[in-house]
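Here are the chains, one letter per residue:
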Amino acid sequence: FSNALSNPVLLGVVSMKPLAGNMVMEMASNLGFAIVDRLLGGAGAALDKERDFSEIELTIIERIFSICVNLLREPWQNVVSISPRLERIETNSQFAQIISPSETIAIVTINVKIGEVEGLMNVCLPFGVLEPVMDKLNTKYWFSTMQDKEHRSKTGKQEK
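Residues numbered from 1 in each chain as written. Predicted model: local features only at pLDDT ≥ 70, side-chain atom pairs only at ≥ 80, totals over all residues. Heavy atoms only, no water.

Participant: I'm lost on the environment of R85 in this one. Help?
Facilitator: Tracing the chain through its elements places R85 in strand 3 (residues 83-90). Considering only alpha carbons, one finds R85 and F65, 20 residues apart in sequence, at a separation of 9.8 Å. Contact partners of R85, with chain neighbours within four places excluded, come to V13, V14, S15 and V69. A polar side-chain atom of R85 sits 2.7 Å from a polar atom in the side chain of E87. (Helix = DSSP H or I, 4+ residues; strand = E, 2+ residues; numbered from the N terminus. Contact = heavy atoms within 4.5 Å. Polar contact = N/O pair within 3.5 Å; in protein donor to acceptor, adjacent residues only side chain to side chain.)

Structure representation (structure tokens):
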């Protein structure tokens, strides 16, 4: 994963309390520049050339990452109640070594389009983070959880 990253890159290191370890959210730099341009009143255009992000741009992007991180609570609710928190943003992939190169990871890739700018956003979940809840990440568990919630709502029993 880290070998495929270019510089500059937008990496958000996210803690997933109570799960141990951190996950990484990576956003294509062209998306970062488009978001900053749009939030500052522009049309949301990407830059023609690659350059590093300024401190002001990084502060704006950090707020966007924080919003994205807070959105993680709801989809994880059926698995485990997490309190995700953005630890830091890195623009150089060499400084974000949070997992060993040999560790197994799951990568979720999302195609994002903002106006005419299109790019990828990757969420990297190390095995160490997922291991304690691995048994809850299968379809059998999800199906039984959904059936149990439906049964409780029909019978009027309260959930714990």
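Participant: Please explain the pairing of strand 2 (residues 22-27) as it appears in this structure.
Facilitator: Counting buried residues in strand 2 gives 5 out of 6 residues, a clear majority hidden from the surface. Looking at chain direction, strand 1 (residues 10-17) and strand 2 are connected through 6 bridges and run antiparallel. Looking at strand 2, one finds that S15 is bridged to N22. Hairpin connection of strand 1 to strand 2: 4 residues between the antiparallel strands, including G21 at a positive phi of 90°. Alignment of strand 2 against strand 5 (residues 117-126), held across 4 bridges, turns out to be antiparallel. In the sheet register, M25 faces strand 5, and the bridge partner there is V123. (Buried < 20%, exposed > 50% of the residue type's maximum accessible area, 1.4 Å probe, protein only. Pairing = 2+ DSSP bridges.)

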